[in-house]
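Commentary on secondary and tertiary structure
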Amino acid sequence: MLAPRQMSRLLIAGTKEQMGAVIAELYRHRLFHIEDFVGQEEYAGFKLGMPLAGATEASNDLITIRAATNAFGVQADSAPHGRPVSGAELRRQLQAELPELDAQADELVTRRTRLETRAKDLESRTAELEPFASIPIDLDLYRGYTSIAVLAGHIPADVAIAAPHEKAYAGGKKGGFIAVFTPIADREVVERQLLDAGFAAVRIPDETGPASEAIARYQAERASIEKEIEGINRQLGNLKEIHASFLLAADELLTADVERAEAPLRFAVTDLAFVAEGWAPSSEVPEITATLERVTNGKIHVEELEVDYDHDSVPVEYNNPSFSHPTELLMDVYSRPNYREVDPTLLVSIVFPLFFGIILGDVGYGLILLALSFLLRKYLAGEGGNLLLDNLRNAAISSTIFGLIYSEIFGFALPWKPLIFSRHLNIGGEAHGHGPDAVPMLIIAIWIGILHITLGRLISLVNHSRMDHGKHRTQAMIAQAGWLAFMWGILFVIWSMFPIPLMPNLGAIGGPIALGLNIAGILGVVLILIGIAGIGQENALELMELPTIVSHVLSYARLLAVGLSSVAIAMVVNYIALGMFINPALENLTPVGIVLIVVGIVVLLLGHTVNTALGILGGGLNSIRLHYVEFFTKFYKGGGKKYNPFGMKRLYTTEE
Amino acid sequence: MVDPVSATTALTPEMITASQAGLKAVGAGLAVGLAGIGTGLGEMGIGAAAMGATAENRDMFGLALLFTVIPETIVIFGLVVALLLLF
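Let us look at the structure shown here.

Parameters and conventions
- Counting starts from 1 at the beginning of each chain's written sequence and moves along it residue by residue.
- Here chains are named by letter from A upward and ligands by number from 1 upward, in the order in which they appear as written.
- Thresholds applied to this predicted model are a pLDDT of at least 70 for local features of residues and 80 or more for the giving and counting of side-chain atom pairs; totals over whole chains, interfaces and linings are not thresholded and use all residues.
- By convention in this description, side-chain values take in all heavy atoms of the structure and omit both hydrogens and water.
- Only DSSP runs of H or I reaching four residues or more are called helices, and only runs of E reaching two or more are called strands; each is numbered from the N terminus.
- Radius of gyration here is computed from C-alpha atoms only, and the compact-globule reference equals 2.2 Å multiplied by the residue count raised to the power 0.38.
- Contact criterion: two residues are considered in contact whenever any of their non-hydrogen atoms come within 4.5 Å of each other.
- Every accessible area reported is derived by Shrake-Rupley at a probe size of 1.4 Å, with residue values counting cover from the shown protein chains alone.
- Charge assignment in this entry is limited to Lys and Arg as positive and Asp and Glu as negative, and neither His nor the chain termini are counted.
- Here the site of a charge means NZ on Lys, CZ on Arg, CG on Asp, or CD on Glu.
- Relative accessibility decides the category of a residue: with a 1.4 Å probe and only protein chains considered, values under 20% of the type maximum give buried, values over 50% give exposed, and everything between is partly exposed.
- Whenever Lys or Arg places a side-chain nitrogen within 4 Å of a carboxyl oxygen from Asp or Glu, that contact is recorded as a salt bridge.
- Each patch is assembled from residues with relative accessible area greater than 30% and no salt bridge, linking like charges that lie within 9 Å and nonpolar side chains (Val, Leu, Ile, Met, Phe, Trp, Tyr) that lie within 5 Å.
- Strand pairing requires that DSSP identify at least two bridges connecting the strands.
- Here the quantity called buried area is the accessible surface, traced with a 1.4 Å probe, that two parts lose on coming together, added over both.
- Residues adjacent in sequence count toward polar contacts only when both atoms are side-chain atoms; beyond that, a polar contact is any pair of N or O atoms within 3.5 Å, and within protein one must be able to donate a hydrogen and the other to accept it.
- Three categories are distinguished: nonpolar for Ala, Val, Leu, Ile, Met, Phe, Trp, Tyr, Cys and Pro, charged for Asp, Glu, Lys and Arg, and polar for the others, with Gly belonging to the last.
- Structural elements are reduced to axes, namely lines fitted to C-alpha atoms, with helices fitted over the stretch in contact, and the angle between N-to-C directions of any two is expressed from 0 to 180 degrees.
- In these notes the angle categories are as follows: under 35 degrees is roughly parallel, over 145 is roughly antiparallel, 65 to 115 is roughly perpendicular, and the rest is oblique.
- Multiply 1.5 Å by the residue count of a helix minus one, and that product is the helix's expected span.
- Buried Ala, Val, Leu, Ile, Met, Phe, Trp, Tyr and Cys residues that are joined via side-chain atoms within 4.5 Å together make up what is termed a nonpolar core.
- In summary, the pairing rule links any two rings of Phe, Tyr or Trp, Trp by its six-membered ring, whose centres are within 6.5 Å, and it sorts them by plane angle into stacked for under 30 degrees, edge-to-face for over 60 and tilted for everything else.
- Counted as over-ring charges are cases with an Arg CZ or a Lys NZ within 6 Å of the ring centre that also lie within 35 degrees of the ring normal.

Structural notes on the overall build of chain A
Scanning chain A for helices and strands turns up 16 helices and 16 strands. The C-alpha atoms of chain A give 38 Å as radius of gyration, which overshoots the globular expectation for 656 residues (26 Å, by more than 25%). C-alpha atoms of chain A, sized along the principal axes, occupy 120 × 90 × 55 Å. Nonlocal contacts in chain A, meaning residues at least 24 apart in sequence, comprise 79% of its contacts between residues at least 6 apart. By element, 61% of the accessible surface of chain A is carried by carbon and sulfur atoms, the whole surface being about 32,800 Å². Of note, chain A has its 51 positive side-chain charges centred 3 Å away from the centre of its 71 negative side-chain charges.

Shown next, in the form of structure tokens:
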């Protein structure tokens, strides 16, 4: 909690005979994060390992499988998730079926490609012939002359040619088509005149008979080809139905084979021995050591190395209660935590839904979002999608609870008074109550900001004390304390000068002592000065950031402001739909009134749909932004490397 | 309609309150509207650059989103001022 899972750096060394067994065992456990061998200095004399036997065959089979998968259009989530098959059985099946399946897929795809090429060819020929169809001359009459030149092409309008010639012209909507027959001697003159009139020549097709007949012939052929392609696609579809789960399982099995066979490429080896370095969760180290010793009959050396945090980048695996798992997605979007800093996932997983609820506190919207978070699971498959929907679910629950507190459902009031603060606006002139408690809520929002930012700075103190050394550590910690002093100093000064509801009134402590400030004010000024000194001693440029204290705290006002605007939209929609369309029409029901009621219902549905979408965006984006911009910038470094253990989550196959 | 002459001569307290309320509403509208324009101008450049960065490298999404919403604070301030004016 609040820290990633503890990792140990492991060194595994053994003879080459043991390498296969060790790799298989590591792969099965899926705990060892391999640190690639890149020729480090301390490994002088070692070289990169060679793939295990069978790597090439497995890769080739994998390529075949993937080609068939592509040909059939099989997708990972399209196949039914049946019972996982055993690896040994699948291997037998692969031996027996793969060559035939490959040949089948290959044959069908080749045939389809050939047919598609032919169809393209026919299409372009038809396009070439089409203009000639409008001229009643057989195509063989366009060529085979010794003394006559033939020019054919598109031209905007018919043109008179001042040279001996015969021509045929056919007009159309977008300009005409012209064929000119002229003695070869006059060709140039005719051509120039034609070009001046905007002539664009086309190739004369190599065909016989009337153009329209040729077109009809080609179109018939194309239709039959298309039917044939359809048949092939149907066949491929049938094969997909039959083989999808086999292909996916085989892909998984062979991928595992290839990954295992190629693992030595990441190890350091000599002629007789190998060394693998990597990371494993500390709690699992005894287990890993024991199994490796068992499979190699003790002929293996597993050693836990000392970790040098300044040079080693330790892979980071979250270590959170299951409640916080969805939030890890939001953390990864920003950056995975560094191994040694405080992992704020747990805090975010509590505060994010709270902020969301404060902003979008409405029973109606909350329940809609809750329903969405379950209904969308079908469409947003995959781990990331599910985590996102889990976040939405948590936020929706919080939104519903705050809706009960605020007494709000789709902008209407619930049958009780708001439990703490009212957000009911006075829209449509139906005055009830005294309007929203905007000012008290604003102050609560600011309080949340002050506390959230103070928490951020305190975490920063912890981080710096953990991660820095020597003089720099002291300086950084003083600077963080300085930021805190500066912020609280400003607060003390404000509190001593202005009485603010829901905030301490320090002006009442005593009369002014100096500069018109009382004792609390003086204390505030001292804190501000200490703060500036503390920040400045680490880095004077940081002093430019001082105003962000004010803007960051005030930024939390969005908790009230965005929420209130969402309430306002809901109430306006209700007022337009009910107050302006439905209620007046219901009082005096006429045929026109029924139309008005329908319009009112449409406005109601549309308005609330839009407001739900805005609610997700406004509530979600603003809450996460308060974390990313206002909270994380105080302490969070991130940039941790993802823990990616060597192994595979098997979906379609079982271990052999 | 009120006679223009009597309107200038006899300004009743109700009229003064009403015009004050009206001006407050105008001020609130201006606060949100102008702050919104400011935010829009700010996000214009950032948003375009953020899109480009995300298109090149999807890992940038989180950071890009963060940069894009930074000017959002301006309009929130406008909204807060408007709310304080109105209530």
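From this point, the narrative continues.
Some details on the overall build of chain B
From N to C terminus, chain B includes 4 helices and 0 strands. Ordering the α and β elements of chain B from the N terminus gives α-α-α-α. Relative to its 87 residues, chain B shows a buried fraction of 24%. Carbon and sulfur atoms form 76% of the exposed surface of chain B, whose accessible area is close to 5,600 Å².

Points about the pattern of salt bridges
Residue and element names in this part refer to chain A. Applying the stated criterion across every chain, the model contains 26 salt bridges over all chains. We note a salt bridge from aspartate 206 to arginine 143, for which the minimum N-O separation is 3.9 Å. With aspartate 206 in the loop between β8 (200-201) and α5 (211-262) and arginine 143 in the loop between α3 (87-129) and β5 (148-155), the pair connects residues that are 63 residues apart, well separated along the chain. The residue arginine 377 makes a salt bridge to aspartate 390 at a minimum N-O spacing of 2.9 Å.

A word on a nonpolar patch on the surface
Residue and element names in this part refer to chain B. A surface patch of nonpolar side chains, about 760 Å² in accessible area, is lined by Leu23, Val26, Leu30, Leu34, Ile37, Leu41 and Met44. Tracing the backbone shows leucine 41 in helix α2 (residues 13-56). We classify leucine 41 as exposed; its relative accessible area is 54%.

Some remarks on the pairing of β5 of chain A
Residues and elements named next belong to chain A. The buried fraction of β5 is high, at 6 of 8 residues. Relative to strand β7 (residues 176-183), β5 is paired through 8 bridges, and the arrangement is antiparallel. Bridging across to β7, alanine 152 finds its partner in alanine 179. One ladder, built from 2 bridges, connects β5 with β8; its direction is antiparallel. Opposite histidine 154, over in β8, you have alanine 200 as the bridge partner.

Quick word on the side chain of asparagine 518 of chain A
Along the polypeptide, asparagine 518 of chain A turns up in the loop between α12 (470-497) and α13 (519-538). Residue asparagine 518 of chain A is classed as buried on the basis of its relative accessible area of 5%.

With respect to the interface of chain A and chain B
Between chain A and chain B, the residue contacts involve 22 residues of the former and 16 residues of the latter. Across the interface of chain A and chain B, roughly 1,600 Å² is buried in total on both sides, 83% from carbon and sulfur atoms. For the interface between chain A and chain B, the tally reads 0 salt bridges. Our enumeration of links across chain A and chain B arrives at 4 residue pairs in polar contact (both at pLDDT 80 or more). Mapped by element, the contributors of at least two residues to the side of chain A that touches chain B are α7 (325-334), α11 (438-467), α14 (548-555), α15 (558-587) and α16 (591-635) of chain A. When grouped by side-chain class, the residues that make up the side of chain A that touches chain B number 16 nonpolar, 4 polar and 2 charged.

Describing the environment of leucine 388 of chain A
All names here are of chain A. Note that leucine 388 resides in helix α10 (residues 382-406). Under the relative-accessibility criterion, leucine 388 is labelled partly exposed at 43%. When the C-alpha atoms of leucine 388 and glycine 619 are compared, they prove to be 15 Å apart, with 231 residues separating the residues in sequence.

Regarding the environment of arginine 91 of chain A
Residue and element names in this part refer to chain A. Assignment of secondary structure puts arginine 91 in helix α3. Residues arginine 91 and arginine 222, 131 residues apart in the sequence, show an inter-C-alpha distance of 43 Å. Here aspartate 257 takes part through its side chain, which lies 2.8 Å from a polar atom of the side chain of arginine 91.

Concerning the packing of α2 of chain B against helix α3 (residues 61-69) of chain B
All names here are of chain B. At their nearest, the axes of α2 and α3 sit 8 Å apart, and the two run at 175 degrees to each other. What the angle tells us is that α2 and α3 run roughly antiparallel. Across the interface between the two elements, Glu43, Ile46, Gly47, Ala50 and Thr54 from α2 touch Phe61, Ala64, Phe67, Thr68 and Val69 from α3. Here the residues of the contact of α2 with α3 sort into 6 nonpolar, 3 polar and 1 charged.

Overview of helix α4 (residues 72-86) of chain B
For α4 of chain B, with 15 residues, the first-to-last C-alpha span of 21 Å sits near the 21 Å given by 1.5 Å per residue. Listing the buried residues of α4 of chain B in full gives Glu72, Thr73, Ile76, Gly78, Leu79, Val80, Ala82 and Leu83 of chain B. At its buried positions, α4 of chain B is contacted by α11, α14, α15 and α16 of chain A together with α2 and α3 of chain B.

Thoughts on the nonpolar core
Residues and elements named next belong to chain A. Ranked by size, the top nonpolar core spans 58 residues in total, and within it Ile450, Met503, Tyr556, Leu559, Tyr628 and Phe632 carry the most contacts. If one sorts the elements of this core by residue count, α11 sits on top with 10 residues. Look past the residues within four positions of phenylalanine 632 in its chain and what remains in contact with it is Met331, Tyr334, Pro344, Val348 and His627. Among the nonpolar cores identified, the runner-up in size contains 48 residues, and Ala68, Ala71, Ile137 and Ile232 belong to it.

What to know about the side chain of threonine 64 of chain A
Residue and element names in this part refer to chain A. Positionally, threonine 64 belongs in helix α2 (residues 55-72). A polar atom in the side chain of threonine 64 sits 2.8 Å from the backbone oxygen of asparagine 60. Ignoring any residue separated from it by four or fewer positions in sequence, one finds threonine 64 in contact with Leu98 and Asp102.

A look at the sheet that holds strand β6 (residues 166-170) of chain A
Pairing within the open sheet is antiparallel, and its 4 strands lie in the order β6-β7-β5-β8 (chain A). Two strands lie at the open edges of the sheet, namely β6 and β8 of chain A, each paired on one side alone.

Remarks on the packing of aromatic side chains
Residues and elements named next belong to chain A. The tally for this structure, following the rule as stated, stands at 25 aromatic pairs over all chains. Judged by centre distance (6.0 Å) and plane angle (20 degrees), the ring pair of tyrosine 309 and tyrosine 339 falls under stacked. In this pair, tyrosine 309 sits in the loop between β11 (300-305) and β12 (315-316) while tyrosine 339 sits in the loop between α7 and α8 (345-359), placing the two residues 30 residues apart along the sequence. A relative accessible area of 38% means that tyrosine 309 is categorised as partly exposed. Measuring from centroid to centroid gives 6.1 Å for phenylalanine 635 and tyrosine 636, while their planes differ by 70 degrees, and the two rings are edge-to-face. We note that phenylalanine 635, like tyrosine 636, is buried. One aromatic cluster is present, formed by Tyr334, Tyr628, Phe631, Phe632, Phe635 and Tyr636 through successive ring pairs. The ring of tyrosine 218 has arginine 217 sitting right over it, with the charged end atom 5.8 Å from the ring centre.

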